[in-house]
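Next come the chains, spelled out residue by residue.
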Amino acid sequence: MEIVTSRSATKQPANIVGPTVTLINTNEQVTTEKDEHGKHTVYTYTQYRLDAGEYELISVGTLPTGAVWDEQLRSIERGYLYSEADKYLMKYTSYAPDANKAAAWTAYKSAVHDTVNQRSYPQTVEYPSRPE
């Protein structure tokens, strides 16, 4: 994994997922600069360059060697947990209705969201237990 600051004359997509690398662009700053051709907009952002498989590892809570948890990496992990909860919510509200299980998954998803309020976030996070 590599984290770099990049500049572009065009707005970059937030996430680009490819077979050999995943790019995540964040912390966008927009400025107007003037050069010999006139004024133009410049987008400056932090780019996370994740090698093949690193995005998937982060999503399940495993950091690549040398990486440190930060807000962006935790959001990848949290996004995976949200999507997992959404699958069960769909199951227990539409396909095999079970109000108790749907409520448990709703509470779990809310508790995952609330992990951003933990004192040690984003370095360490204690996630709630998955519903049975």
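Computed from a prediction, not measured in an experiment: that's the story for all the values here.

Rules used throughout
- Residues numbered from 1 in each chain as written.
- Predicted model: local features only at pLDDT ≥ 70, side-chain atom pairs only at ≥ 80, totals over all residues.
- Heavy atoms only, no water.
- Phe/Tyr/Trp six-rings, centres within 6.5 Å; stacked < 30°, edge-to-face > 60°.
- Helix = DSSP H or I, 4+ residues; strand = E, 2+ residues; numbered from the N terminus.
- Buried < 20%, exposed > 50% of the residue type's maximum accessible area, 1.4 Å probe, protein only.
- pLDDT = per-residue confidence, 0-100.
- Patch = residues over 30% accessible without salt bridge, like charges linked within 9 Å, V, L, I, M, F, W, Y side chains within 5 Å.
- Areas by Shrake-Rupley, 256 points an atom, 1.4 Å probe, with all protein chains shown as cover.
- Salt bridge = Lys/Arg side-chain N within 4 Å of Asp/Glu carboxyl O.
- Contact = heavy atoms within 4.5 Å.
- Pairing = 2+ DSSP bridges.
- Axes fitted to C-alpha atoms, helices over the stretch in contact; angles between N-to-C directions.

Considerations on the packing of aromatic side chains
Step number 1: Enumeration over the complete set of coordinates arrives at three aromatic pairs.
Step number 2: Ring centres 6.3 Å apart and planes at 25 degrees place the aromatic pair Tyr88 and Tyr92 in the stacked group. Separated by four residues within a single helix, Tyr88 and Tyr92 lie in helix H2 (residues 71–95), roughly one turn from each other.
Step number 3: With a relative accessible area of 28%, Tyr88 lands in the partly exposed category.
Step number 4: Note on Tyr92: relative accessible area 10%, which makes it buried.
Step number 5: Taken together, the aromatic side chains of Tyr88, Tyr92, Trp105 and Tyr108 make up a single cluster linked through ring pairs.

Some words on the environment of Asp86
Step number 1: When you line up the elements, Asp86 lands in helix H2.
Step number 2: Note: C-alpha distance between Asp86 and Thr5 (81 residues apart in sequence) is 33 Å.

Remarks on the confidence of the model for the protein
Step number 1: For the protein, the average pLDDT comes to 92, and 100% of its residues sit at 70 or higher.
Step number 2: The secondary-structure element of the protein with the lowest mean pLDDT is strand E2 (residues 15–17), recorded at 85, while helix H3 (residues 99–113) shows the highest, at 97.

Let's talk about a nonpolar patch on the surface
Step number 1: A surface patch of nonpolar side chains, amounting to about 260 Å² of accessible area, comprises Leu57, Val60 and Tyr80.
Step number 2: Residue placement: Leu57 occurs in helix H1 (residues 54–59).
Step number 3: Assessed through its relative accessible area of 40%, Leu57 is described here as partly exposed.

What to know about the environment of His40
Step number 1: Inspection of the secondary structure puts His40 in strand E4 (residues 38–51).
Step number 2: With residues near it in sequence (within four places) discarded, His40 still touches Thr31, Thr32, Glu33 and Asp35.

Digging into the sheet that holds strand E1 (residues 2–8)
Step number 1: On the basis of which strands lie adjacent, the open sheet formed by four strands has the order E1-E4-E3-E2 and antiparallel pairing. With partners counted over all chains shown, the strands left at the sheet margins are E1 and E2, one partner each. Across the sheet, the axes of successive neighbouring strands diverge by a mean angle of 25 degrees, strand direction being ignored.
Step number 2: Bridge analysis of E2 against strand E3 (residues 21–35) gives three bridges, and the strand direction is antiparallel.

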